[in-house]
Amino acid sequence: TVGKLGLKQVAELTYHKAHYAASLIEKIPGYSLPIQGTFFQEFVVQCPRPPAEINAALMERGIIGGLDIGDQVPNGMLVCVTEMNTREDIERLAEALRAITTL
């Protein structure tokens, strides 16, 4: 329904928002991006605590966290960002992750 040009714009928006989120999260002490390279909308975050704990704390703040992939990456969480996530949503996620680390 968005057409060829619209689909390209949605994809570019998604890409840039995901990379913005990754750049914010990577700067938080205790968090890292263990897999380097190109990604589109999903990326792996290595957390300072088990993802189940991080996700529970995020849910208390009304934020849906990432997929727990701790069986593949120690304390790993797969985070997905789409065109639907606003800049404010992304910054709120990063702020919440920072706050959770200090608990």
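Nothing here was measured: the structure is a model prediction, and the numbers come from that model. (Residues numbered from 1 in each chain as written. Predicted model: local features only at pLDDT ≥ 70, side-chain atom pairs only at ≥ 80, totals over all residues. Heavy atoms only, no water.)

K.L.:
I'd like to hear about the sheet that holds strand 1 (residues 42-46), residue by residue, with values.
P.N.:
Here we have three strands laid out as an open sheet, ordered 1-3-2, and antiparallel in their pairing. Two strands in the sheet have a free side with no partner beyond their single neighbour: strand 1 and strand 2 (67-68). Across five bridges, strand 1 lies against strand 3 (residues 76-80) in antiparallel orientation. Bridging across to strand 3, Gln46 finds its partner in Gly76. The sheet strands contacting helix 2 (residues 51-60) are strand 2 and strand 3, and the helix crosses strand 3 at an angle near 45 degrees. (Pairing = 2+ DSSP bridges. Helix = DSSP H or I, 4+ residues; strand = E, 2+ residues; numbered from the N terminus. Contact = heavy atoms within 4.5 Å. Axes fitted to C-alpha atoms, helices over the stretch in contact; angles between N-to-C directions.)

K.L.:
Describe the packing of helix 1 (residues 3-26) against helix 3 (residues 87-101), naming the residues involved and giving the relevant values.
P.N.:
A packed helix pair is summarised by two numbers, namely the angle formed by the two axes and the spacing between the axes. Taken N-terminus to C-terminus, the directions of helix 1 and helix 3 make an angle of 20 degrees; their axes are 9 Å apart at the nearest point. Here helix 1 lies roughly parallel to helix 3, going by the angle between them. Here helix 1 runs over helix 3; the crossing is right-handed. In this structure, helix 1 contributes Lys17, Tyr20, Ala21, Leu24 and Ile25 to the contact, and helix 3 contributes Arg87, Ile90, Glu91, Leu93, Ala94 and Leu97. A breakdown of the residues in the contact of helix 1 with helix 3 according to their chemical character gives eight nonpolar, no polar and three charged. (Parallel < 35°, antiparallel > 145°, perpendicular 65-115°, else oblique. Left-handed = near helix turned anticlockwise from the far one by under 90°. Nonpolar A, V, L, I, M, F, W, Y, C, P; charged D, E, K, R; others polar.)

K.L.:
Can you explain unusual backbone geometry? Please cite residues and give values.
P.N.:
Of note, the phi angle at Asn75 is positive, near 55 degrees, even though the residue is not glycine. Position of Asn75 relative to the elements: it lies in the loop between strand 2 and strand 3.

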